[in-house]
Amino acid sequence: MDIARFITLYETHLKIIGRAFHTIRVTRYNLKSFGRYLEGEGVGSIEQLSREVIEDYQQELAFSLTAKGRPLSVRSQIKKLNAVIGFTRFLKESDYLVHDPGAAIKRPREPQRL
């Protein structure tokens, strides 16, 4: 099944459970970025989602650059991964997937501020 369709279902789910407009907008942006990555990797359906695919995406984020040529901050990486993990959790809880491929993903540690 088409991943873009499930991203739209997840957005609707977030609206139903009362998430803020900004949260939904940022999640949509992050998941569309994930969708483009999956398309480039040849992953076209949710059945092809696996822990390895998400870990490869995590590695891609670690080496991504911003528009200004700087490395993507750890905080931005975490936000993008959180959107993906929430999406896979939704797919599992809604019985679209048998197991949650994002459950075992370890996120980078956010640096402590003084």
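See the structure shown above.
Residues numbered from 1 in each chain as written. Predicted model: local features only at pLDDT ≥ 70, side-chain atom pairs only at ≥ 80, totals over all residues. Heavy atoms only, no water.

Caption draft 1: Main features of the pattern of salt bridges. Taken as a whole and judged by the stated rule, the model has 3 salt bridges. Close ionic contact of Arg28 with Glu11 constitutes a salt bridge, the shortest N to O distance being 3.0 Å. Taken together, the residues Arg28 in helix H2 (residues 21-41) and Glu11 in helix H1 (residues 3-16) connect sequence positions 17 residues apart. For Arg28, a relative accessible area of 25% puts it in the partly exposed group. (Salt bridge = Lys/Arg side-chain N within 4 Å of Asp/Glu carboxyl O. Helix = DSSP H or I, 4+ residues; strand = E, 2+ residues; numbered from the N terminus. Buried < 20%, exposed > 50% of the residue type's maximum accessible area, 1.4 Å probe, protein only.)

Caption draft 2: Main features of the side chain of Asn30. Within the secondary structure, Asn30 is located in helix H2. In contact with Asn30, not counting residues within four places along its chain, are Tyr57, Lys79, Lys80 and Ala83. (Contact = heavy atoms within 4.5 Å.)

Caption draft 3: Quick look at the packing of H1 against helix H4 (residues 74-93). Contact pair H1 / H4: the axes reach a minimum separation of 10 Å and the direction vectors enclose 90°. Taken together, the axes of H1 and H4 lie roughly perpendicular to each other. In this structure, H1 contributes Ile3, Phe6, Ile7, Leu9, Tyr10 and His13 to the contact, and H4 contributes Ala83, Gly86, Phe87, Phe90 and Leu91. Residue composition of the contact of H1 with H4, grouped by class: 9 nonpolar, 2 polar and no charged. (Axes fitted to C-alpha atoms, helices over the stretch in contact; angles between N-to-C directions. Parallel < 35°, antiparallel > 145°, perpendicular 65-115°, else oblique. Nonpolar A, V, L, I, M, F, W, Y, C, P; charged D, E, K, R; others polar.)

Caption draft 4: Here's a closer look at the environment of Tyr57. Relative to the helices and strands, Tyr57 is located in helix H3 (residues 51-62). Measuring from C-alpha to C-alpha, the distance between Tyr57 and Phe34 comes to 7.7 Å, with 23 residues separating the pair along the chain.

Caption draft 5: Structural detail: the nonpolar core. If you look at the biggest cluster of nonpolar residues, it comprises 27 residues, and the most contacted ones within it are Leu38, Phe87 and Leu91. For this core, the secondary structure elements donating two or more residues are H1, H2, H3 and H4. Ranked by the residues each element gives to this core, the list is headed by H4, at 7 residues. Each residue touching Leu38, except ones within four places of it in the same chain, is listed here: Ile3, Val43, Leu49 and Val53. (Core = buried A, V, L, I, M, F, W, Y, C linked by side-chain atoms within 4.5 Å.)

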